[in-house]
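# A structural walkthrough
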Amino acid sequence: MRRNRRLAAFSASLFLFLAACAGNAPQDTLEPKGPVARQIDHLINPVFIVAGVVFVLVEGLVLLAVIKFRARPDSPEPEQIHGNTRLEVGWTLAPALILLAVAVPTIATIFDLSKKPENAVNVTVIGHQFWWEYRYEDLGVVTANELRMPVGRPVELTLNSDDVIHSYWIPPLGGKTDVVPGRNNTMHLEAETPGEYLGQCTEFCGASHANMRAKAIAMAPADFDAWVAGQKAAAPAPAAGTMAEEGALLFAQKGCGGCHTVQGVSEGKIGPNLTHLATRTTFAGSIFNNNDQNLRTWLRDPQAAKPGNKMIIPGGPLAPDEITKLIAYLDTLR
Ligand code: CUA
């Protein structure tokens, strides 16, 4: 009985341990995809080795002491070493020296990473329950959930929160930074190759903390410039007599614009700016791929899709045909 229980406990811990070994994990901290993340990685590796050696040494000595000096019926009390000045100075100095050795590259890296890089793209990131807002003030672009960035050029993020404390983390590109209301924190990211880099809010921020993902999309510089040009312009109004036009009318009637900005249409500030929603690959904190089926799931019952989020539909749930019209409209927001 006891044996079975021990076996079960052992299997459970082994399973948990192995669960950490994913073959192709997009949020792998140990596979940097840019210079900032690589610099951090170059610090972690030697520090981890030092920590590993210390751990094995200390645990080994503890085990040795436990086994060698364990109480036996007739064993005398082992020799005591209290008051051995040489030993005590030794085990005080050794850790202090190890910590000093670790501190030198750590502090150098911290200072180096906090330097403002030349030629950075400036982006203000605002954390909301439960999505990210990105404001490219210099470029006149506001978007949500997806950080677009050019490859080979650093991005300086100035992070702030609209409500509670969040934490911004895109592991392949850089470290974590807390996103605190009333305070601007900065961090830098840079990607080397075009692609999508996934991340996650890493500070518990409410019921849907786990549904608050982050995503960076790195693009060739020319593609990034084209994206910026597209985002600056208002989306074209839907053509007359189309279902999208009926959707635009519903958008106004239902009061969607009270929370959402659509450039040239509404100026809501609570939810994500939807001006170019159809150009995004995901929505709602990047937990849904942006397609009609997921938009339908979302508009049918946003609270079921993502508990605790701030989206409420004024006047109650939408009818299926209203949802179809709204989606037709949202699809025109390119
Ligand atoms: Cu935002 Cu957790």
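All of these numbers come straight from a predicted model, not from anything done at the bench.

What counts, and where the lines are drawn
Residues numbered from 1 in each chain as written. Predicted model: local features only at pLDDT ≥ 70, side-chain atom pairs only at ≥ 80, totals over all residues. Heavy atoms only, no water. Pairing = 2+ DSSP bridges. Helix = DSSP H or I, 4+ residues; strand = E, 2+ residues; numbered from the N terminus. Axes fitted to C-alpha atoms, helices over the stretch in contact; angles between N-to-C directions. Contact = heavy atoms within 4.5 Å. Core = buried A, V, L, I, M, F, W, Y, C linked by side-chain atoms within 4.5 Å. Buried < 20%, exposed > 50% of the residue type's maximum accessible area, 1.4 Å probe, protein only. 1 Å grid on protein atoms, 1.4 Å probe; cavity = no way out; pocket = protein on both sides within 12 Å on 5 of 7 lines; lining within 4 Å. Points joined across faces, edges and corners; volume = space filled by probe spheres on them. Arc of directions from axis to C-beta. Disulfide = S-S within 2.5 Å. Salt bridge = Lys/Arg side-chain N within 4 Å of Asp/Glu carboxyl O. Phe/Tyr/Trp six-rings, centres within 6.5 Å; stacked < 30°, edge-to-face > 60°. Lys NZ or Arg CZ within 6 Å of the ring centre and 35° of its normal.

Let us now look at the sheet that holds strand β8 (residues 185-189). The strand order β3-β2-β1-β5-β8 describes an open sheet built from five strands, whose pairing is mixed. Strand pairing shows two members of the sheet lacking a second neighbour, β3 (141-144) and β8, which therefore form its edges. In this sheet, adjacent strand axes meet at a mean angle of 25 degrees when their direction is disregarded. Relative to strand β2 (residues 131-136), strand β1 (residues 121-128) runs antiparallel, the two being bridged by five bridges. Bridging from a neighbouring strand, V125 pairs with Y134 of β2. Its contacts with the sheet place helix α4 (residues 221-232) against β1, β2 and β3, and it is angled at close to 95 degrees to β3.

Formed by 33 residues in total, the largest nonpolar core has its most connected members in V123, W132, Y136, L147, M149, L157 and Y168. Secondary structure elements with two or more residues in this core: β1, β2, β4 (146-150), β5 (155-161), β8, β10 (213-219) and α4. Among the elements that make up this core, the one with the highest residue count is β10 (five residues). Beyond its immediate chain neighbours, meaning those up to four positions away, Y136 contacts V121, N122, V123, V141, T143, L147, R148, F224 and W227. Listed in part, the 23 residues of the second largest apolar core include A235, A284, L318 and I327.

Position of Q80 among the secondary structure elements: in the loop between α2 (35-68) and α3 (85-114). Given a relative accessible area of 54%, Q80 falls into the exposed group. Spatially, the C-alpha atom of Q80 lies 81 Å from that of V265, the residues being 185 residues apart in sequence.

Right, let's get into the layout of surface pockets. In this structure, the largest pocket occupies an estimated 660 Å³ of space. Around the largest pocket, the lining comprises 36 residues; the ones closest to its centre are H260, G271, P272, W298 and M311. Residue assignment for the lining of the largest pocket shows that the elements contributing at least two residues are α6 (292-300) and α8 (320-330). Considering each element in turn, the lining of the largest pocket owes the most residues, three residues, to α6.

Take helix α5 (residues 243-253) next. Listed as buried for α5 are A244, G247, L250 and F251. For α5, the angular spread of buried residues about the axis comes to 110 degrees, placing them on one side. Projecting away from the buried face of α5 at angles above 90 degrees are the exposed residues L249, A252 and Q253. Taken together, the buried residues of α5 touch β11 (261-262), β12 (266-267) and α8. Looking one or two residues beyond α5, the residue adopting positive phi is G255, at roughly 80 degrees.

Below, the discussion takes up the state of the cysteines. Note: disulfide means a covalent bond formed between the sulfur atoms of two cysteine side chains. Enumeration according to the criterion identifies zero disulfides in this entry. With no disulfide of its own, C256 has C259 as its nearest cysteine by sulfur position, at a separation of 8.8 Å.

Turning our eyes to something else, we now look at the pattern of salt bridges. Overall, the coordinates contain twelve salt bridges when judged by the stated rule. Residue K254 is joined to E322 by a salt bridge in which the shortest nitrogen-to-oxygen separation is 3.4 Å. Here K254 is found in the loop between α5 and β11, whereas its partner E322 is found in helix α8, with 68 residues between them in sequence. Residues K254 and E322 agree in their burial class; the two are buried.

The next thing to look at is the sheet that holds strand β9 (residues 195-200). Sheet architecture is open: three strands sit in the order β4-β10-β9, paired in mixed fashion. Strand pairing shows two members of the sheet lacking a second neighbour, β4 and β9, which therefore form its edges. Recorded for the sheet is a direction-independent mean angle of 20 degrees between the axes of neighbouring strands.

Among the structural elements, A233 can be located in the loop between α4 and α5. A233 sits 30 residues away from Q263 along the chain, and the two C-alpha atoms are 8.3 Å apart. When residues no more than four places from it in sequence are discounted, the contact partners of A233 are Q263, T275 and H276.

Those residues of α6 that sit buried are N294, L295, W298 and L299. Buried residues in α6, looked at end-on, bunch into an arc of 130 degrees, giving them a common side. Pointing more than 90 degrees away from the buried face of α6 are the exposed residues Q293 and R300. Looking at the packing, one finds that the buried side of α6 touches β13 (282-283), β14 (288-289), α7 (302-305) and α8.

Moving on, we get to the packing of aromatic side chains. Inspection of the entire model under this criterion finds nine aromatic pairs. Plain terms: the ring middles of Y136 and F224 are 6.4 Å apart, the flat faces sit at 45 degrees to each other, and that makes the pair tilted. With a gap of 88 residues between them, Y136 in strand β2 and F224 in helix α4 connect regions that are remote in the sequence. Summarising the burial analysis for this pair, Y136 and F224 share the class buried. Among the aromatic residues, ring-to-ring pairing joins W132, Y134 and Y168 into one connected group. The ring of W169 is capped by K176, whose NZ or CZ atom sits 4.6 Å from the centre of that ring.

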